[in-house]
Amino acid sequence: MTTLQQIPESLQWNGETLNILDQTKLPLEIVYIEATSLQDVREAIVKLQVRGAPAIGLAAAYGLYLGVRDIETDKIEEFREQSRRFADELISARPTAVNLAWAVEKLLQLSSDAQSVAEAKFIIMEEAIKLHLADEATCKEIGENALTLLHDGAAVLTHCNAGSIATSRYGTALAPLHLAKEKGWEISAFATETRPVFQGARLTSWELKQSGIPVTLLTDNMVGYLLQNKKVDAIIVGADRITANGDTANKIGTLQLAILANYYQIPFYVAAPLSTIDISIETGKEIVIEQRDRSEVTNIGDLQIAPDGIDVLNPAFDVTPNELITAIITENGIVTSNYRETFLRWGNEE
Ligand code: MRU
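Residues numbered from 1 in each chain as written. Predicted model: local features only at pLDDT ≥ 70, side-chain atom pairs only at ≥ 80, totals over all residues. Heavy atoms only, no water.

An unreviewed UniProt entry lists the protein under the name Methylthioribose-1-phosphate isomerase, with Gottfriedia solisilvae given as the organism. As recorded by UniProt, the Function (unreviewed entry) comment attached to the protein reads in full: "Catalyzes the interconversion of methylthioribose-1-phosphate (MTR-1-P) into methylthioribulose-1-phosphate (MTRu-1-P)." (UniProt positions renumbered as here; feature names shortened; annotations may be inferred.)

*Asks:* Describe the UniProt feature "binding site: substrate" (unreviewed entry) in the protein, and please don't skip the residues or the numbers.
*Replies:* Following the UniProt record, the feature "binding site: substrate" (unreviewed entry) maps to Arg51, Gly52, Ala53, Arg94, Gln199, Asn250 and Lys251 here. Summarising the element assignment, Arg94 is placed in the loop between α3 (76-91) and α4 (98-110). Look at Arg94 and you get buried, because its relative accessible area is 6%. In this structure, Arg94 is in contact with Ile45, Leu48, Arg51, Ile56, Leu100, Lys251, Glu290, Arg292, Ala316 and Phe317, ignoring residues within four places of it in sequence. The topology assignment puts Lys251 in strand β9 (residues 248-251). Non-local contacts of Lys251, meaning those with residues more than four positions away in its chain, are made with Arg94, His159, Cys160, Thr194, Gln199, Asp240, Ala316, Phe317 and Asp318. (Helix = DSSP H or I, 4+ residues; strand = E, 2+ residues; numbered from the N terminus. Buried < 20%, exposed > 50% of the residue type's maximum accessible area, 1.4 Å probe, protein only. Contact = heavy atoms within 4.5 Å.)

*Asks:* Tell me about the environment of Pro196, residues and numbers included.
*Replies:* Checked against the element boundaries, Pro196 lands in the loop between β5 (188-192) and α7 (199-210). Assessed through its relative accessible area of 14%, Pro196 is described here as buried. Expressed as a C-alpha distance, the spacing of Pro196 and Asn14, which sit 182 residues apart in the sequence, is 33 Å. Those residues in contact with Pro196, other than ones at most four positions away along the chain, are Ile252, Glu296, Val297 and Asn314.

*Asks:* Which residues make up the domain arrangement of the protein, and what values do they have?
*Replies:* Its domain assignment divides the protein into domain 1 (4-136) and domain 2 (139-349). If you average the C-alpha positions of domain 1 and of domain 2, the two centres end up 24 Å apart. Taken together, the 31 residues of domain 1 in the interface contact 39 residues of domain 2. Regarding the contact of domain 1 and domain 2, the summed buried area is about 3000 Å², with carbon and sulfur atoms giving 54% of it. (Domains from an automatic or database assignment. Buried area = accessible area lost by both parts, 1.4 Å probe.)

*Asks:* Tell me about the UniProt feature "active site" (unreviewed entry) in the protein, residues and numbers included.
*Replies:* The positions UniProt marks with the feature "active site" (unreviewed entry) are Asp240. Structurally, Asp240 is set in the loop between β7 (234-237) and β8 (241-243). When sequence neighbours within four positions are dropped, the list of residues in contact with Asp240 reads Ala53, Thr96, Ala97, Val98, Asn99, Ala249, Asn250, Lys251, Thr276 and Phe317.

*Asks:* An account of the site of the ligand is needed here, citing residue identities and associated values.
*Replies:* Every one of the 17 residues lining the ligand counts as a neighbour, but Arg51, Arg94, Gln199, Asp240 and Lys251 are closest to it. At 2.8 Å, a side-chain N or O of Gln199 approaches an oxygen atom of the ligand. Across the complex, the protein chains shield 100% of the 410 Å² of accessible surface that the ligand would expose by itself. Of all the elements in the fold, those that place two or more residues in the shell around the ligand are α2 (53-69) and β9. For the shell around the ligand, the residue count by class is seven nonpolar, six polar and four charged. Split by domain, the shell around the ligand shows at least three residues from each of two domains, domain 1 (4-136) and domain 2 (139-349). (Near = heavy atom within 4 Å. Polar contact = N/O pair within 3.5 Å; in protein donor to acceptor, adjacent residues only side chain to side chain. Areas by Shrake-Rupley, 256 points an atom, 1.4 Å probe, with all protein chains shown as cover. Nonpolar A, V, L, I, M, F, W, Y, C, P; charged D, E, K, R; others polar.)

*Asks:* Explain the sheet that holds strand β15 (residues 327-329) to me, using residue names and the numbers behind them.
*Replies:* The strand order across the open sheet formed by seven strands is β6-β5-β4-β7-β10-β15-β16, and the pairing between neighbours is mixed. If you trace the sheet from one side to the other, it starts and ends with β6 (215-218) and β16 (334-335), each paired once. (Pairing = 2+ DSSP bridges.)

*Asks:* So what's going on with the pattern of salt bridges? Residues and values would help.
*Replies:* Tallied over the entire structure, the rule returns 14 salt bridges. One salt bridge in this structure joins Arg292 and Glu290, with 2.7 Å as the shortest N-O distance. Take Glu290: its relative accessible area is 6%, and that puts it in the buried class. Among the salt bridges present, the one from Glu296 reaches Arg292, with a minimum N-O distance of 2.8 Å. The burial state of Glu296 is the same as that of Arg292; both residues are buried. (Salt bridge = Lys/Arg side-chain N within 4 Å of Asp/Glu carboxyl O.)

*Asks:* An account of α7 is requested, with residue identities and associated values reported.
*Replies:* End to end, α7 covers 15 Å across 12 residues, agreeing with the expected 16 Å (1.5 Å per residue, within 8%). When α7 is considered as a whole, its buried residues turn out to be Gln199, Gly200, Leu203, Thr204, Ser205, Trp206, Glu207 and Leu208. One or two steps after α7, the chain reaches Gly212, where phi turns positive at roughly 75 degrees. (Expected span 1.5 Å × (residues − 1).)

*Asks:* Run through the pairing of strand β2 (residues 18-21), naming residues and quoting values.
*Replies:* The two faces of β2 match: Leu18 and Ile20 on one face and Asn19 and Leu21 on the other face are all buried. For strand β1 (residues 11-13) and β2, the ladder comprises three bridges, and the chain directions are antiparallel. The residue bridging Gln12 from the neighbouring strand is Asn19, located in β2. Linkage of β1 to β2, two consecutive antiparallel strands, is achieved through a turn of four residues, within which Gly15 is found at a positive phi near 100 degrees. As judged from the four bridges shared by β2 and strand β3 (residues 32-35), these two strands associate in the antiparallel manner. Paired with Leu18 across the two strands is Ala35, which belongs to β3.

*Asks:* Now, about the packing of aromatic side chains: what can you tell me, with residues and values included?
*Replies:* Working definition: an aromatic ring pair is given by the centre-to-centre distance plus the angle between the planes. For the structure on display, the rule yields five aromatic pairs. Relative to Tyr65, the ring of Trp13 lies with its centre 5.9 Å away and its plane at 85 degrees, an arrangement referred to as edge-to-face. Here Trp13, found in strand β1, pairs with Tyr65, found in helix α2; they are 52 residues apart in sequence, far enough to count as distant. Grouping residues by exposure puts Trp13 and Tyr65 together as buried. Ring centres of Phe343 and Trp346 lie 6.3 Å apart, and the angle between their planes is 40 degrees; on these two criteria the pair is classed as tilted. Of this pair, Phe343 and Trp346 both sit in helix α11 (residues 339-349), three residues apart, which is roughly one turn of that helix. For the residue pair Phe343 and Trp346, the accessibility class agrees, reading buried in each case. Put simply, the rings of Trp13, Tyr62 and Tyr65 touch in pairs and so form one group of aromatic residues. Over the face of the ring belonging to Phe317 we find Lys251, whose NZ or CZ atom lies 4.5 Å from the ring centre. (Phe/Tyr/Trp six-rings, centres within 6.5 Å; stacked < 30°, edge-to-face > 60°. Lys NZ or Arg CZ within 6 Å of the ring centre and 35° of its normal.)

See below:
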């Protein structure tokens, strides 16, 4: 029995338009936005209405199709130039999560041999749907691999939301929890609230509660206390970009979790699909970190909590160095060292 029935899908493609679950309204309201154009999809990505690396990749794939669908030329070269501009427009929406660029580049590449504009449009639509369908199977494989590192009764700490709604289904870091529940294991979770926009409080705690998985919410500054005083068997987080050497960008606050995990000798796992691995970048130092609007820090929703004009830092992600990561869990398997070698081999096998 799946525990995921209570969780709405992040994205629904109806053949003409993309329905996007508005994650900014969760957990209070379950509302879908109807995206009819590339600009609608881009805006939803920028505003975090759709978020989580795999989900924004899938949304962008449909966004590209919604853009190219309306290109009026029948000259293939003109079509390609315009498609390139559309792809760049989508990629600029959020620079850190590589899945976005990965998805739109893949669609452009797969349509590059098309002989006509109509054929190219069809390939882009068909491949966007295929990516969406494949993501669920990928997440399930990640979950099954991750489950081999856990046991019945395990307590897992996670950060941000790398769950079903951050993907097509199951999630990455949360996939083993959903699968453990399906198996009838007594698994439980701790979720950090994840300032500044509370993906842990609003999304992860809600998603796990919906699935009947016991979850305890804590603020980000309680993790030291938690690891010192309570039984936590593993920390599992998602990823937005993993470089060739295994350095991992994930939601801001992940690095401090990894440092604490190292101090308290608790396994620190990163769960992510191969589409999050960017072997074109050697180390995390080269990852562009998205800086977001100051209002996310000075305000909680509409409520201002800081003085007018205060200087603010708001990086959306940080980079955890590979030496703090116990293992990276993918659909292909689990890697604990020699990341570059394994990632290159997997890249060549594709
Ligand atoms: O800014 P967000 O909410 O898109 O950040 C999301 C995260 O950092 C997730 O942990 C990451 O994308 C992995 S999603 C499966």
